[in-house]
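Chain by chain, the residues:
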Amino acid sequence: MIMDKLWGYWRRCCVVILIALTTLYLFTSRYSFLDRQPWNEISSRNKLKSTPQQHIYYLKNHKTGSTTIYSILAEYCRAHELTALMPSDLHINQRPPFHSSQVMIFPGVTKYDMVFTHHVYSEDIFTYLHNDTFRFTSLREPLKQFISSFVYFRNNNFTYLSNIISDDPLKTFLENPQKYEANGYSSYTNNRQSMDLGYDLSHGFNDLAYINIFISLTEKRFDLVLITDYFDESLIVLKRKLRWSTSDILYFKKLESNESRQVLERLSDSQRTQHAQVSTADILLYQHFLKRLKEIMSKELGLPEEVKEFQSVLCRVRTFCSKVQNLNAELKIQAGRWTNEFVFMFSKCKWLTLDEILFTKYLKSLYTMRQS
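Thresholds applied
- Residues numbered from 1 in each chain as written.
- Predicted model: local features only at pLDDT ≥ 70, side-chain atom pairs only at ≥ 80, totals over all residues.
- Heavy atoms only, no water.
- Disulfide = S-S within 2.5 Å.
- Helix = DSSP H or I, 4+ residues; strand = E, 2+ residues; numbered from the N terminus.
- Buried < 20%, exposed > 50% of the residue type's maximum accessible area, 1.4 Å probe, protein only.
- Pairing = 2+ DSSP bridges.
- Right-handed = clockwise from strand over helix to strand, strands pointing away.
- Contact = heavy atoms within 4.5 Å.
- Phe/Tyr/Trp six-rings, centres within 6.5 Å; stacked < 30°, edge-to-face > 60°.
- Lys NZ or Arg CZ within 6 Å of the ring centre and 35° of its normal.

Draft legend 1. Examining the state of the cysteines more closely. This model, assessed by the stated rule, comprises one disulfide. Across the disulfide, C321 is cross-linked to C349 (sulfur-sulfur distance 2.1 Å). Disulfide C321 to C349: torsion about the S-S bond roughly -85°, handedness left-handed. Highlighted residues: C321 in helix 15 (residues 303-323) and C349 in helix 16 (residues 348-353), separated in sequence by 28 residues. A relative accessible area of 14% places C321 in the buried class.

Dropping the structure here:
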């Protein structure tokens with residue numbers, strides 16, 4: 001009897017120990033697997049089996065790093081032989097309304113894969129795009145965006161800015177913006193981010209009730225709003241949503257301005273206040289979508305680590321492009337936790353560094369040849 005009880009007790013102990021060991025094995029196996037595998041292989045296996053999103057609408061907002069994003073999208077179109085809706089001129093439009101004469105329409109083509117050149121938001125443009133098109137745009141901290149616009153457009157002889165005669169044109173402008181500011185869409189310095197996104201100019205830029213309505217409309221119109229001040233983080237979020245690879249989002253910065261940075265550093269507190277007083281729409285718009293992006297980023301597993309890995313790949317690619325002379329040279333990028341192994345061809349350097357005007361002309365001529 002005692003032996004039977006001991007035997008029963010021993011068997012129960014063995015079962016408990018076996019269950020514990022099995023649980024421990026499964027737990028450690030699972031998490032050692034997590035340590036070895038890329039994030040996108042453990043959290044998005046189903047997505048990786050899906051086709052990358054190739055129907056994309058990008059509203060190219062002025063002076064928000066948008067030319068760099070243009071370059072990424074244009075190169076993706078070229079490399080994947082997609083057809084973008086291209087402008088008849090250099091840009092689709094800089095002021096409303098949108099109409100068909102502003103874009104190149106090809107016989108037999110009813111839907112286009114992408115849009116990524118300058119235009120003011122209009123629902124009419126979506127008649128040329130696929131129903132599953134992913135919509136996104138970019139915003140920049142309004143004071144930085146304003147200074148970048150002021151410096152760029154003054155240097156490019158925009159009359160309302162180049163006519164300011166002063167030892168310190170920006171100081172003079174901010175002291176009395178109503179005196180120097182251009183009207184409506186002729187201005188590239190007066191809440192231009194909001195204007196590009198479709199702000200109704202019958203409302204003033206300090207109309208808080210309408211600004212809230214406008215922000216809600218913008219939220220509904222776009223699947224994602226990137227923030228230039230978190231550029232690489234924004235790109236990784238975009239990459240994940242589009243199910244693209246690291247090689248698809250490589251970039252060289254475009255239109256960087258040392259002058260703009262220097263002007264910003266010299267700005268006084270009173271000048272910052274003067275700008276804020278006339279930029280309510282852009283400021284509230286930016287603050288809303290900055291908060292929204294940070295909420296998205298906080299939920300993205302491994303985002304800081306992927307950004308760091310991406311920046312390392314970028315550094316290698318840029319060094320390769322700047323130093324290598326052999327046109328047939330290749331750069332092999334090893335697989336990382338978030339990066340699939342790929343070979344970067346030297347010939348791709350020219351496309352990543354090509355400026356917007358030349359790239360637009362190339363794509364337009366390419367599409368024209370396809371149709372002939």
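Draft legend 2. Just the pairing of strand 1 (residues 56-59), in detail. Every second residue of strand 1 is oriented toward a common face, with I56 and Y58 on one face and Y57 and L59 on the other, all of them buried. Two elements, strand 1 and strand 2 (residues 114-115), share two bridges in a ladder whose sense is parallel. By the bridge assignment, Y57 is partnered in strand 2 with V115. Once you follow strand 1 into helix 4 (residues 66-80) and on to strand 2, the crossover reads as right-handed. Pairing between strand 1 and strand 3 (residues 134-139): four bridges, direction parallel. Bridging across to strand 3, I56 finds its partner in F134.

Draft legend 3. Spatial organisation of the side chain of S260. On the secondary structure map, S260 appears in helix 12 (residues 258-266). The residues contacting S260, other than those within four sequence positions of it, are I147, S148 and V151.

Draft legend 4. Representation of the packing of aromatic side chains within the structure. Applying the stated criterion across every chain yields a total of 30 aromatic pairs. On the numbers, 4.8 Å between centres and 85° between planes, the contact of Y199 with Y210 is edge-to-face. Taken together, the residues span a long stretch of sequence, with Y199 in the loop between helix 9 (192-196) and helix 10 (208-221) and Y210 in helix 10 at a distance of 11 residues. Residue Y210 is classed as buried on the basis of its relative accessible area, which comes to 9%. Among the aromatic residues, ring-to-ring pairing joins Y70, F116, W351, F359 and Y362 into one connected group. Positioned over the ring face of F126 is R135, at 3.5 Å from the centre of the ring.

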